[in-house]
Amino acid sequence: MASSSRFDVSRLEAAPRVPGKPRHKTREVKVGARVFGGSNPVWVQSMTTTDTFDVEATVKQIHALEEAGCELVRVTVPKPEDAGALSAIRARVGIPLICDIHFDYKMALAALDHPVDKIRINPGNINKAGDTTHDRFRQIVRKAKQKGVPMRIGVNAGSLETEVNLKYGFPCPPAMVESALRYIEVAESEGYHDIIVSLKSSDVLVAVEAYRLFAQMCDYPTHIGITEAGKPPYAVTKSAAGLAPILLDGIGDTIRISLLGDPVPEIAAAFDILQATQRRVRRPELIACPTCGRLAIDLEDIIAKLEARLNGKRLPVKISVLGCIVNGPGEAREADIGIAAGNGQGMIFRNGEMVRRVPEAEIVDALMEELARWESENQHRIPKTTDAEGLGRRKRLL
């Protein structure tokens, strides 16, 4: 066949077999028992919706978040009674506790008198207008340093300082990054470096470009999220659309999905986005074809049974279940374990090779048997933690 003169296909040979950028290397910052940055996992966090001073309701919600897999939790501290409740809350929860401060720097100082694991400050609404010394922010930094408490500098497109907005005309990514860098420099001038940074916007494009720009200029770990995403299910889609490009660029050290209502669903959404971008693979990935007209087995029943039997397993394995012979064999070979099925039987693949044929009624049992063999064969290649990146891809294991 004659080669095309329109496209230079020789350039494709140098393309990586597995797309995606390596993790952006950031300095490490300890938050309670968690370490942010470096090669540590992208931690999942959320925020309570209760009145913080209502200790019972707040602790109950935090326990529900912990049960869902939440690894850090934030509570708001707008009033003195909220600060006063922090010690009681901290004593009854098992994950790091973050206090969230807006507007009143005195609430930050009060919160730091309690055993919190991190403080979140929005400098854009903390500092007094026109104060070029950043005195209020400096007071918080000094006390955080004294107490050994790390800080998130939370830049939000909706609350940038007036002078930054005037300089750029609107809350664009460069404006957000300049604001973050300004306060990092203030903190560093006080000898304080336990800093995590967020650059949040409700505009997906603004958030993506702000995080990319910041990563080019700084090595502090980042908290990523799309703020005020709204009500599910659209809010989850919007968050995934904004956070996937950031994560695929290797950016992000902790993540929060901001959803209207009960915060518990935020946790599953965050882990799903991390799994899909292969930044934190912590459970089997089950691939199934759509139920099109070519489907020749009861795929929904097979998938339901597999989901039940895989529930709770922490193996970073990719399992593909295809119900026809069109794409089935190819997809099954690409997975760690796969099946191409139709007309009452299935071909089982493991590590790219077909190992046997089984009747449709035995597909689930056969796949579980092959999973046990795969786990035994690959145990020495799988890290003790299942939070490593991309382990569900056979080409990375072999």
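Now for a look at the structure at hand. (Residues numbered from 1 in each chain as written. Predicted model: local features only at pLDDT ≥ 70, side-chain atom pairs only at ≥ 80, totals over all residues. Heavy atoms only, no water.)

Let's shift gears to the overall build of the protein chain. If you tally the helices and strands in the protein chain, you get 13 helices and 15 strands. Counting every position in the protein chain, which comprises 398 residues, the buried fraction comes to 52%. Put simply, of all contacts in the protein chain between residues at least 6 apart along the chain, 63% involve residues at least 24 apart. As displayed, the protein chain offers around 18,300 Å² of accessible surface, 52% of which is attributable to carbon and sulfur atoms. (Helix = DSSP H or I, 4+ residues; strand = E, 2+ residues; numbered from the N terminus. Buried < 20%, exposed > 50% of the residue type's maximum accessible area, 1.4 Å probe, protein only. Contact = heavy atoms within 4.5 Å. Areas by Shrake-Rupley, 256 points an atom, 1.4 Å probe, with all protein chains shown as cover.)

In this section: the pairing of strand β7 (residues 151-156). The buried count for β7 comes to six of six residues, which makes it a mostly enclosed element. Here β7 shows two buried faces, one formed by Met151, Ile153 and Val155 and the other by Arg152, Gly154 and Asn156. Bridge count between strand β6 (residues 118-121) and β7: three bridges; the pairing is parallel. Across the sheet, the residue bridging to Arg120 is Arg152, located in β7. In this region the chain leaves β6, passes through helix α4 (residues 135-147) and returns to the parallel neighbour β7; the handedness of that crossover is right-handed. As defined by bridge partners, β7 adjoins strand β8 (residues 195-200) across six bridges and the pair is classed as parallel. (Pairing = 2+ DSSP bridges. Right-handed = clockwise from strand over helix to strand, strands pointing away.)

The two faces of the sheet receive side chains in turn, since in a regular strand these alternate between them. Among the six residues that make up strand β13 (residues 337-342), six are buried, leaving the element largely enclosed by the rest of the structure. Burial along β13 is two-sided: the face carrying Ile337, Ile339 and Ala341 and the face carrying Gly338, Ala340 and Gly342 are both buried. The pairing of strand β12 (residues 318-322) with β13 spans four bridges and is classified as parallel. When the sheet's bridge partners are listed, Val321 is paired in β13 with Ile339. As paired elements, β13 and strand β14 (residues 345-350) share six bridges and run antiparallel to each other. Looking across to β14, one finds that Ala341 is bridged to Gly346. What sits between the antiparallel neighbours β13 and β14 is a turn of two residues, in which Asn343 has the positive phi angle 55°.

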